[in-house]
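# Summary of structural features
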Amino acid sequence: MSSHHETPGASPPRAHLTTDDVAKVAKLALLELSDAELATFTGQLDAVLDLAEQLNEFDIGDVPPTAHPFGLVNVFRDDVAAIGHDAEVMREEALAAGPEVEAHQFKVPPALGEAP
Amino acid sequence: MTTPAPAEAESVLAIAEAVRAGERSAVDVLDVHLARITASDDQIHAFNTVTDGDARERAAEIDAAVAAGETVGPLAGVPIALKDNMCTRGVPTTCSSKILEHWVPPYDATVVERLAGAGAVIVGKTNLDEFAMGSSTENSAFGPTRNPLDTSRVPGGSSGGSAAAVAAGFAAASLGSDTGGSIRQPAALCGLVGMKPTYGAVSRYGLVAFASSLDQIGPFTRTVAESAAIYDVIAGPDQRDSTSIPQDHISVTAALDQGIDGLRIGVITELSGRGNDAFEPQVVEATVAAAEALSAAGAKVEDVSIPTAVAGLSAYYMIAPAEASSNLARYDGVRYGLRKPGPNTASMMAASRTAGFGDEVKRRIMLGTYALSAGYYDAFYGKAQRIRTLMIREFGRVYENFDVLLSPTSPCVAFEFGAKADPLTMYYNDVCTIPSNLTGQPAMSVPFGTGAHGLPVGVQVLAPMLGEPVMYRVAAALEGMAP
């Protein structure tokens, strides 16, 4: 946390988003974009970041961040199944939603290398 | 065009009373509503799925229970529609996204269990902006919902299908979810009452997560009393939601007739729309008229300034996408949902997400990923979280001197399809509704007169944490004085 108080309007102008920035973010988010999409999204996302510049108009000083309307606390209970129906049925139904399932496990292509 | 406004006999309260007394069968009530769906939902597209088979069985069970003299719940035989982001065991829950198009949850959301326990009959799952991201329902992967009051216009969003289902008489009431205004804004645009409860008042268990610190489930109804009746059923603590408020729910129905004499009501200057070209003049005037009516009825009404309220929009479009980028990371083609093939796991995941998500969802995931990334976290997400603290403090101070606050719900009445194609223009629809999500406080929209093209205008009543009883009192008063 910074100790100095930020003065409203004192922040230097933000560098605009580039298509390289957005390509990097898309990669992190596991999304593939065409060149046309990349150009469109870059402009649109940059406009939202312009909107975010409005946040600099407020003196946030040493105000702490809020992640949640209440302070989050752990809620403990006994470790017993709370679902109203049979655990075995539940397992089969959950597995049934899997795109590819084998021997009661979700199956994916190789994590390292490529499938032959 | 579509069905006429349903008669008094179709209200949640009238249906439940008649069914409980054995004067009307739940099956008959259901058939009336299903007939309307069959006749005109091809024009409206309120529903993604109509659960007519399950609904008939459920209605017959209720009629049998009534005939056997058994106790039936307070919503006996009431047909209710659910936004398609609430899990229903054995019934597809799509979030209007291709990525969940064929997903069938193995469990019910807590709100679904509570409605069933109260005797309600679930008629179907309603259309929404994909993953509840939008303000017009145009972002649905399955096509938009049309506003039953004017089918050339949007119903609002993201809970547009739930709003349209009630406005068209397809269901007596419905549930939506509200992350930045997604219940209140469509309620305003469809001439309904829409309520976002205090964060934690209604369990989120089984609500597909968009922005977990902002999401809340609430009702759409035609009247304030019906809204209270539904809210009284769905509210209350739930062990399965760690953010659920652990204290017993206090009935809001009991508060409805307490009047407003002596209440202190503030009109939020920054959200009033006065002197702001982005607001339609009739919308601004409706809030002024509502304030004058409340004053004449015995409340003390004055303007109040909340400077950070205008920063809500900016803070929200950092916080909500940040949370969404994390929540939507689970859609990777492994355990459920769409899978597109790829030579390795990472390429399979990217192919699945690229094919499964629409543009608005992609925009928000990328925005959130950017706002959370190294080097930008403090400047965007961190700053937005601090503004959130300032807002909570400012609203807290204001509520030391006021019981409730007022503003317009939406800057405009229902707009035409494609009118707000630019994302920022669309985002601005939520400028008045977002602050209550960031603070966690309750707020509701009540119809108050008409604006451009004779379309309904909503006035928003905001209240402090767990201030639903006083909020409903003011809403009931406004409803009684609406032009």
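Residues take numbers from 1 onward in each chain, read along the sequence in its written order. To read the labels, note that chains go from A and ligands from 1, taken in the order they are written. Confidence filtering applies because this is a predicted model: local features only for residues at pLDDT of at least 70, side-chain atom pairs given and counted only at 80 or more, and all residues used for totals across whole chains, interfaces and linings. Derived side-chain values reflect all non-hydrogen atoms in the structure, with water molecules and hydrogen atoms excluded from consideration.

### Brief notes about the interface of chain A and chain B
- Between chain A and chain B, the residue contacts involve 60 residues of the former and 66 residues of the latter.
- As used here, buried area is the combined drop in accessible area, with a 1.4 Å probe, of two parts when they are placed together. Summed over both sides, the interface of chain A with chain B buries roughly 5500 Å², with 70% coming from carbon and sulfur.
- Here, a salt bridge means any side-chain nitrogen of Lys or Arg that lies within 4 Å of a carboxyl oxygen of Asp or Glu. Summed over the shared surface of chain A and chain B, the number is two salt bridges.
- As a salt-bridge pair, Glu100 of chain A and Arg339 of chain B come within 3.1 Å of each other at their nearest N and O atoms.
- To qualify as a helix, a DSSP run of H or I must reach at least 4 residues; to qualify as a strand, a run of E must reach at least 2; elements of each kind are numbered from the N terminus. Of all the secondary-structure elements, those providing two or more residues to the side of chain A that touches chain B are α1 (19–28), α2 (35–52) and α3 (87–96) of chain A.
- Just so you know the grouping, Ala, Val, Leu, Ile, Met, Phe, Trp, Tyr, Cys and Pro go in nonpolar, Asp, Glu, Lys and Arg go in charged, and all remaining residues, Gly too, go in polar. Residues of the side of chain A that touches chain B, tallied by class, amount to 40 nonpolar, ten polar and ten charged. When checking whether two residues touch, look at their non-hydrogen atoms; a contact exists if any pair is within 4.5 Å.

### As for the layout of surface pockets
All names here are of chain B.
- Reported here for the largest pocket is a volume of approximately 440 Å³.
- In this analysis, the protein atoms alone were mapped onto a 1 Å grid. Cavities are point sets where a 1.4 Å probe fits without being able to get out; pockets are open sets with protein on both sides within 12 Å along at least five of seven lines; lining residues have an atom within 4 Å of a point. What lines the largest pocket is a set of 20 residues, and nearest its centre among them are Cys87, Trp103, Tyr107, Arg330 and Tyr336.
- Residue composition of the lining of the largest pocket, grouped by class: 14 nonpolar, one polar and five charged.
- Just so you know, the domain bounds were taken from an automatic or database domain assignment. Looking at which domains feed residues into the lining of the largest pocket, each of domain 1 (8–255) and domain 3 (315–378) supplies at least three.
- Grid points are joined across faces, edges and corners, and a volume is the space filled by probe spheres set on the points. One number sums up the size of the second largest pocket: a volume of about 340 Å³.
- Contributing to the lining of the second largest pocket are 17 residues, with Asp54, Arg58, Asp108, Val112 and Ile122 lying nearest its centre.

### Some points on the domain arrangement of chain B
All names here are of chain B.
- Split by domain assignment, chain B resolves into domain 1 (8–255), domain 2 (257–309 + 386–481) and domain 3 (315–378).
- If you average the C-alpha positions of domain 1 and of domain 3, the two centres end up 28 Å apart.
- Contacts between domain 1 and domain 3 engage 19 residues on the former and 21 residues on the latter.
- The largest contributions to the domain 1 side of the interface with domain 3 come from Ile99, Met133 and Phe210, which together make up 39% of the buried area.
- In this structure, the connection of domain 1 to domain 3 is made through zero salt bridges.
- Whenever a nitrogen or oxygen atom comes within 3.5 Å of another N or O atom, the pair is scored as a polar contact, on the condition that within protein one atom can donate a hydrogen and the other can accept it, and that pairs from neighbouring residues in sequence are kept only if both atoms are in side chains. Here domain 1 and domain 3 share nine residue pairs in polar contact (both at pLDDT 80 or more) between them.
- Within the side of domain 1 that touches domain 3, the residues separate by chemical class into ten nonpolar, seven polar and two charged.

### Considering the state of the cysteines
Residue and element names in this part refer to chain B.
- By definition, disulfides here are pairs of cysteine sulfur atoms that lie within 2.5 Å. Scanning the entire structure with this criterion turns up zero disulfides over all chains.
- Cys190 takes part in no disulfide bond, and the closest cysteine sulfur, belonging to Cys412, lies 12 Å away.
- Cys412 supplies the cysteine sulfur nearest to Cys432, a cysteine that is in no disulfide, at a spacing of 10 Å.
- Of the residues examined, Cys432 reaches a relative accessible area of 0% and is grouped as buried. The cut-offs for exposure are 20% and 50% of the maximum accessible area for each residue type, with area from a 1.4 Å probe on protein chains only; residues under the lower value are buried, those over the upper are exposed, and the others partly exposed.

### Considerations on helix α12 (residues 378–398) of chain B
- The span you would expect from a helix comes to 1.5 Å times its residue count less one. The terminal C-alpha atoms of α12 of chain B lie 28 Å apart, and with 21 residues this matches the ideal 30 Å at 1.5 Å per residue to within 8%.
- Most of α12 of chain B sits out of view: 15 of its 21 residues are buried.

### Side note on the sheet that holds strand β6 (residues 216–221) of chain B
Residue and element names in this part refer to chain B.
- Pairing is mixed in the open sheet, where eleven strands are placed in the order β1-β3-β2-β4-β6-β5-β10-β11-β9-β7-β8. In this open sheet, the two strands that pair with only one neighbour each are β1 (47–50) and β8 (300–304). On average, each strand axis in the sheet is tilted by 30° relative to the strand beside it, whichever way the strands run.
- One bridge is not enough; two strands pair if DSSP finds at least two bridges between them. Relative to strand β11 (residues 456–462), strand β9 (residues 404–408) is paired through four bridges, and the arrangement is antiparallel. Considered in β11, the bridge of Ser407 is made with Gln460.
- Sitting on the sheet, helix α15 (residues 468–481) touches β5 (193–196), β6, β7 (264–268), β9, β10 (443–450) and β11, and the angle it makes with β10 is about 5°. Helix axes are fitted to C-alpha atoms over the stretch in contact, other axes to C-alpha atoms as well, and angles between N-to-C directions run from 0 to 180 degrees.

### Things to note about the side chain of Asp46 of chain A
Residues and elements named next belong to chain A.
- With respect to the helices and strands, Asp46 occurs in helix α2.
- On the basis of relative accessibility, which here comes to 10%, the residue Asp46 falls in the buried class.
- Every residue in contact with Asp46, bar those within four places of it in the chain, is listed here: Arg14, His16 and Leu17.

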